[in-house]
Amino acid sequence: MDAGNVAWILTSSALVALMIPALALFYGGMVSSRRILNMMIMCFGGASLVALLWVAFGYSLVFGDSVGGLGLIGNPFEFAGLDQALVDDPDAGIPLALFAAFQLLFAGVTTALVAGAAAGRMKYGAWLVFAGLWATLVYFPVAHWVFAFSNDTATGGWIANTLGAVDFAGGTAVHMNAGVAALALALVLGKSKDWGGKLRPHNRPLVLVGAGLLWIGWYGFNAGSALAAGNAASVVFLNTTVAACAGLIGWSIVDRLRHGAVTSLGSASGIIAALVAITPACGAVSPIGAIIIGAIAGVVCCLAIEWKFRLGFDDSLDVVGVHLVGGIIGTLLIGVFATDAAPNGRSGLLYGGGFELLGVQTIATVAVLAYSFIVTWVIAKLIQITIGLRIPEEHEVAGIDEHAHAERAYEDEDLEARA
């Protein structure tokens, strides 16, 4: 067991953990001053609940031996309770406890992403029920498909092994999964009372701080997925950096051409869109490929966020426009820009690989989108007709923080009015 690799994954795990409060800040700054506490607590609460489920049975569902060898779900009893994490296996690359913690945080971040679709109008108790069911029925199975690789003693997921799709750190299992789930949840929840009105982000500097911390955390997310401190992690680190920079520039250019100004919210969103897109591709492309993918994500996601107004769904925090669209872009463009010189060792269309990899990536994309949307919609509908999803209209209009959490973010009335 290499101490350097263990140290790197410990560090990467801490960076991924940072992404949860960073996302809370990013989302919190984008909502009104009377919704910020609820938005932030939803991120922390959803991630915390999923962590408990991960230990109980989630790790088994994702990394247990595939039931029946079908590649659909892991054996829920194989690692139940994670007692195996207490054993020191000197032949393992990194300790099981560390790998389990690293992947636990992926599950928490992914669940927290979906919260952006419910900003200011969902019961907190209903959110926790939704988060638990969604992680169990959607995230854990899809993560098994994508992240569980077969070995001498266990059969892994069908996307990673039978199909052979490339997803270095979670374009399918994390971003597309969360993005299309956010769309399903938003459709069931319906529009906010002030949807399409003059409600604007109450704290743009907070959004920029959150985006910056997410960028830092993303190094753990992407480069940590190499599971070793070596060349692969280094290439991924470089690709992640240049893609994010290209995303900011791409979004800013579109902002300037269409609206006459480069906005802070647009710049932050451009960074995140590119980081989303490079997540699956970071180990498959060259630095030039990463720049192209990041720039395309910045441009396309900037245009995509307006779809919510044309199609009439309330995605005020742009989970769909950034994570769903960005995840699709990054996953599919692997089939175009992948080079066998990169750590993944696969060639796409422009590097002599033909259309095969693009076809494989397309199948993985369609499968994850269809499964996640359908199951998420059913979960949300069941909660809606049982305990209910929406808070009362008067609480939504007045602001959810005081009614749901008995607190205000800003006790000073003048400060709150300015916010």
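Right above here is the structure, for reference.
Novice: Could you give me a rundown of empty space enclosed by the protein, with the residues and numbers involved?
Specialist: The full count for this structure, using the stated rule, is three cavities of 30 Å³ or more. Considering only enclosed or pocket space, the largest cavity measures out at about 50 Å³ in volume. Around the largest cavity, the lining residues are Met-19, Leu-23, Phe-26, Val-109, Leu-113, His-175, Leu-214, Trp-218, Ile-272 and His-323. Secondary structure elements with two or more residues in the lining of the largest cavity: helix H1 (3–30), helix H3 (96–114) and helix H7 (204–223). When residues in the lining of the largest cavity are grouped by element, the largest group, three residues, is from H1. Residues belonging to the lining of the largest cavity are distributed by class as follows: eight nonpolar, two polar and no charged.

Novice: Describe helix H9 (residues 264–281), with residues and values.
Specialist: Between the first and last C-alpha of H9 there are 26 Å, a value that for 18 residues agrees with the 26 Å anticipated at 1.5 Å per step. With 16 of its 18 residues buried, H9 lies for the most part within the structure. Backbone nitrogen of Gly-266 and a side-chain oxygen of the N-cap are separated by 2.9 Å at the start of H9; the cap is Thr-263.

Novice: Which residues make up the side chain of Asp-314, and what are the values?
Specialist: Within the secondary structure, Asp-314 is located in the loop between helix H11 (307–311) and helix H12 (319–337). For Asp-314, a relative accessible area of 2% corresponds to the buried category.

Novice: Describe in detail the packing of aromatic side chains, supporting the description with residues and values.
Specialist: Under the defined criterion, the tally for this structure stands at 19 aromatic pairs. Geometrically, the ring pair formed by Phe-106 and Phe-147 is edge-to-face, given 6.2 Å between the ring centres and 90° between the ring planes. Highlighted residues: Phe-106 in helix H3 and Phe-147 in helix H4 (residues 124–147), separated in sequence by 41 residues. Accessibility classification places Phe-106 together with Phe-147 in one group, the buried group. With centroids separated by 5.8 Å and ring planes inclined at 25°, the aromatic side chains of Trp-127 and Phe-130 adopt a geometry described as stacked. Taken as a pair, Trp-127 and Phe-130 lie in helix H4 at a separation of three residues, close to a single helical turn. A relative accessible area of 0% places Trp-127 in the buried class. Clustering of aromatic rings is evident, with ring pairs tying together Trp-54, Phe-57, Tyr-59, Phe-63, Phe-79, Phe-99, Trp-134, Tyr-139 and Phe-140.

Novice: Account for the packing of H1 against helix H2 (residues 36–63), with residues named and values stated.
Specialist: One way to put it is that H1 packs onto H2 with a least axis distance of 8 Å and a crossing angle of 155°. Classified by the angle between their axes, H1 and H2 sit roughly antiparallel to one another. Between H1 and H2 the crossing geometry is right-handed. Only Ile-36, Met-39, Met-40, Cys-43, Phe-44 and Ala-47 of H2 make contact with H1, whose side of the interface consists of Ile-20, Pro-21, Leu-23, Ala-24, Leu-25, Tyr-27 and Gly-28.

Novice: I'd like a description of the environment of Ser-286, backed by residues and values.
Specialist: Examined against the element boundaries, Ser-286 turns out to sit in the loop between H9 and helix H10 (287–304). Exposure remark for Ser-286: the relative accessible area of 19% places this residue in the buried category. Distance from Ser-286 to Asn-231, taken between C-alpha atoms, is 13 Å for residues 55 residues apart in sequence. What Ser-286 contacts, discounting residues up to four positions off in sequence, is Asn-239, Thr-339 and Tyr-351.

Novice: Can you tell me about unusual backbone geometry, naming the residues and giving the values?
Specialist: Of note, Leu-82 is a non-glycine position whose phi angle comes to about 55°, a positive value. In this fold, Leu-82 is placed in the loop between H2 and H3. The phi dihedral of Leu-227 falls on the positive side, at around 60°, and the residue is not glycine. By the secondary structure assignment, Leu-227 is in the loop between H7 and helix H8 (231–259). On the basis of relative accessible area, Leu-227 is assigned to the partly exposed category, the value being 32%.

Thresholds, definitions, all that
- Sequence order as written defines the numbering, with residues in each chain counted from 1.
- Where totals are concerned, whole chains, interfaces and linings use all residues; where local detail is concerned, this predicted model gives features only for residues with pLDDT of at least 70, and gives and counts side-chain atom pairs only at 80 or more.
- Side-chain metrics rest on all non-hydrogen atoms present in the structure, leaving aside hydrogens and water.
- The definitions used throughout rest on a 1 Å grid laid over the protein atoms alone, on which a cavity is an enclosed set of points accommodating a 1.4 Å probe that cannot get out and a pocket is an open set flanked by protein within 12 Å on both sides along at least five of seven lines; lining residues are those having an atom within 4 Å of a point.
- Grid points are joined across faces, edges and corners, and a volume is the space filled by probe spheres set on the points.
- A helix here means a DSSP run of H or I that spans at least four residues, while a strand means a run of E at least two residues long, and both kinds are numbered starting from the N terminus.
- Note that Gly is not counted as nonpolar here; it falls among the polar residues with everything else outside the nonpolar set of Ala, Val, Leu, Ile, Met, Phe, Trp, Tyr, Cys and Pro and the charged set of Asp, Glu, Lys and Arg.
- By this rule, a helix spans an expected 1.5 Å times one less than how many residues it contains.
- Only protein chains enter the accessibility calculation, which uses a 1.4 Å probe; a residue whose area is less than 20% of its type maximum is buried, one above 50% is exposed, and one in between is partly exposed.
- Within 3.5 Å is the distance limit for a polar contact, defined as a pair of N or O atoms, with the added protein rule that one can donate a hydrogen and the other accept it, and that residues adjacent in sequence qualify only through two side-chain atoms.
- Ring pairs are drawn from Phe, Tyr and Trp, using the six-membered ring of Trp, whenever the two centres fall within 6.5 Å, and their geometry is named by plane angle: stacked under 30 degrees, edge-to-face over 60, tilted for the rest.
- Here an angle of 0 to 180 degrees is reported between the N-to-C directions of two axes, which are lines fitted to C-alpha atoms, with helices fitted over the stretch in contact.
- In what follows, roughly perpendicular refers to angles from 65 to 115 degrees, roughly parallel to angles under 35, roughly antiparallel to angles over 145, and oblique to any angle outside these ranges.
- When the near helix sits turned anticlockwise from the far one by under a right angle, the crossing is termed left-handed; a clockwise turn instead gives a right-handed crossing.
- Note on contacts: a residue pair is in contact if any heavy atoms of the two residues lie within 4.5 Å.

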